[in-house]
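Coordinates in review
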Amino acid sequence: MRVLPRLLPRRRRPELHVPARELLEARVPWGRDRALDHVVERERHLVPFLLAKDALLSATPPPHAVSLHSLPSTIPFPFRPLRFLQLYPSAFALSPHPIAVSPTLRLAALHADEAQLLDSSRPDAADRLLRLLMLAPARALPLHLVVRLRLDLGLAPDFPRSLLPNYPDYFALSPDGAFLELVCYRKDLAVSALQSYAQRTGGYKVGDAVSFPLSFPRGFELDKKVRKWLDDWQRLPYISPYEDGSHLTPRSDITEKRTVAVLHEVLSLTVGKKMEKEVLVKLGEALRLPPGFRKVVARHPGIFYLSHKLRKQTVVLRESFRRHMLVDKHPMMGIRYQYLHLMHMGKEEATKGKGKGKKREPIITSDEFAPTDSELIEEQFGAEGKNDDDDEDEEDEDEEDYKDDDDDMEAGVASGDDDSDDEADDFGDNDHAAKG
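Just so we're clear, the structure is a prediction, and the values are computed from it rather than from any experiment. (Residues numbered from 1 in each chain as written. Predicted model: local features only at pLDDT ≥ 70, side-chain atom pairs only at ≥ 80, totals over all residues. Heavy atoms only, no water.)

Taken together, the three strands give an open sheet; going across it, the order is E4-E6-E5, and neighbouring strands pair in antiparallel fashion. Strands with a single pairing partner mark the edges of an open sheet, and in this sheet they are strand E4 (140-142) and strand E5 (171-173). Here the strands of the sheet are splayed against their neighbours by 25° on average, with no regard to which way each runs. As paired elements, E5 and strand E6 (residues 179-182) share three bridges and run antiparallel to each other. (Pairing = 2+ DSSP bridges. Helix = DSSP H or I, 4+ residues; strand = E, 2+ residues; numbered from the N terminus. Axes fitted to C-alpha atoms, helices over the stretch in contact; angles between N-to-C directions.)

Turning our eyes to something else, we now look at the pairing of E6. Where a strand is regular, its side chains alternate between the two sheet faces. For E4 and E6, the ladder comprises three bridges, and the chain directions are antiparallel. Paired with Pro-142 across the two strands is Phe-179, which belongs to E6. Linking E5 to E6, which pair antiparallel, is a turn of five residues; within it Gly-177 sits at a positive phi near 75°.

Strands sit in the order E1-E3-E2 across an open sheet of three strands; the sheet is antiparallel. The open sheet has two edge strands with one neighbour each: strand E1 (66-67) and strand E2 (92-95). Sheet topology note: the E1/strand E3 (residues 100-103) ladder contains two bridges and is antiparallel. Its bridge partner lying in E3, Ser-67 is registered against Ala-100.

What follows concerns the environment of Asp-176. Positionally, Asp-176 belongs in the loop between E5 and E6. Accessibility expressed as a relative area gives 60% for Asp-176, which makes it exposed. Polar contacts involving the side chain of Asp-176 include one to the side chain of Ser-174, which spans 2.6 Å. Reaching out from Asp-176, the side chain makes a polar contact with the backbone nitrogen of Ala-178 at a distance of 3.0 Å. (Buried < 20%, exposed > 50% of the residue type's maximum accessible area, 1.4 Å probe, protein only. Polar contact = N/O pair within 3.5 Å; in protein donor to acceptor, adjacent residues only side chain to side chain.)

Structure below.
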C-alpha cells in the first residue's frame, strides 16, 4: 500500500492585536446590476448543453449516435431532453425510430478544439486544482464536490483519468476513492490573487492592510454608517486564505475579512469568475469557513454580486468584469463563447420555420467555424439585450416566478432566497429594506 508523504500542518500566524469589533449590524442594500445579470443570463442552458455534448463526444472513439434514453440522467435538462435537443439543430442531429442523437460536424469540430486546449492547459488546470486543495484545512475535498466544480475550474470531463495520474506529486485519491487529497503543499503557489495584485502595484508585505477592489452599480449608495464601517474594515490586516485562521476571534471583523479573502480566492480560481451560490456554500462548508459565512456575500455588494437570474442564485466576482466583459479572459471562456455562438445559430435555424421573421445568421461551416477574433463572439453575447428568443414555457415561468423577487431586490433586500434565512436575520426585515 502506497504511503503518502506526511503533510506539515498549516503554518499558524502569531495572534494579531486587532480590536475584535463586532460585525456590522446595519442593513446593507442589494442593488441590481443589469450588466452582471446578463453575464449570468447569457449562459442559459450552457451547462446541460456542455454535459450532453460531453456524453456524446468524450468517449474514445466517440459513438456515431446514442439512444435518447442512454443519455446520463444526471444532466440537468431544464425540460424534456428531446425538446431541449431540438432547440439546437446546429449541434445535435436527431434520428427517429428509435430516437437517437448524434453530434453535428460543427459540434465535433469545436469539441476537438476544446480537447486540444484542455490538453495544452493541463499545467494551469493542475495548479488551480492544487490551490483549491491548499485552501482546505484538511488538505482534501470530496471528489463528488470537485466533479461538480469541473466546469467552473475548466477541467476535462475525464479529469480523474486524464489529469490526476499525470500529477502524482500533486494529487492522490483516498483508499475508498471518496476524497481528492493533496500530496505536496507548494509554498510558491500559496499567494492569493489579491496578494499578487498588491505585489505588482506596490510594496506589499505580509500582514499589510490590503483593500479589496470595490465597484457598485450606477445609483447605488451606502448608508454613512455602513460606509464608515467598510472604510475601517478595509484597513484591517489582510490574512491570506492559504494561512491558518483558526486562532481568529469568531464573529469579528478580522475573521470576516479572512472569510471574504477565501471566497474571493475561490472565485478567482474559476475560469468564469462566478459560481452558483448553492455550490459555493457546499464548498465553503468543505473549507470549514466559520458559521454564517453565507452572509458575507450579501454584506459586501461592492466585492460580490448576487444575481437571481435563471431560477438560481449566482455569485459573481465584480472586479473581474468591466460591465459584461471579462477583464482577463481565460482561454476556456473563448471556447465557451463559441459554444454559445453555435447554440444561438441553432435557435435561429429552429425558429425560422415558426414564422418569427427574425434575421437569420449566416451559416458557418465546420472549417470556418472558429472566428478569427473571439472578442467578436464575446461582444455578440455580451450585448445589453438578450440574443436568443426564449419560446420555452419553463423559461417564461422563470421570469414570472422571479418577478416578485426582482421587485423586492429593487427595494434593497440583502438576500431573497429561502435558504438564506441567516441573512434575513442580520439585515432586518426583508420587506422594508432601504433602497440602494
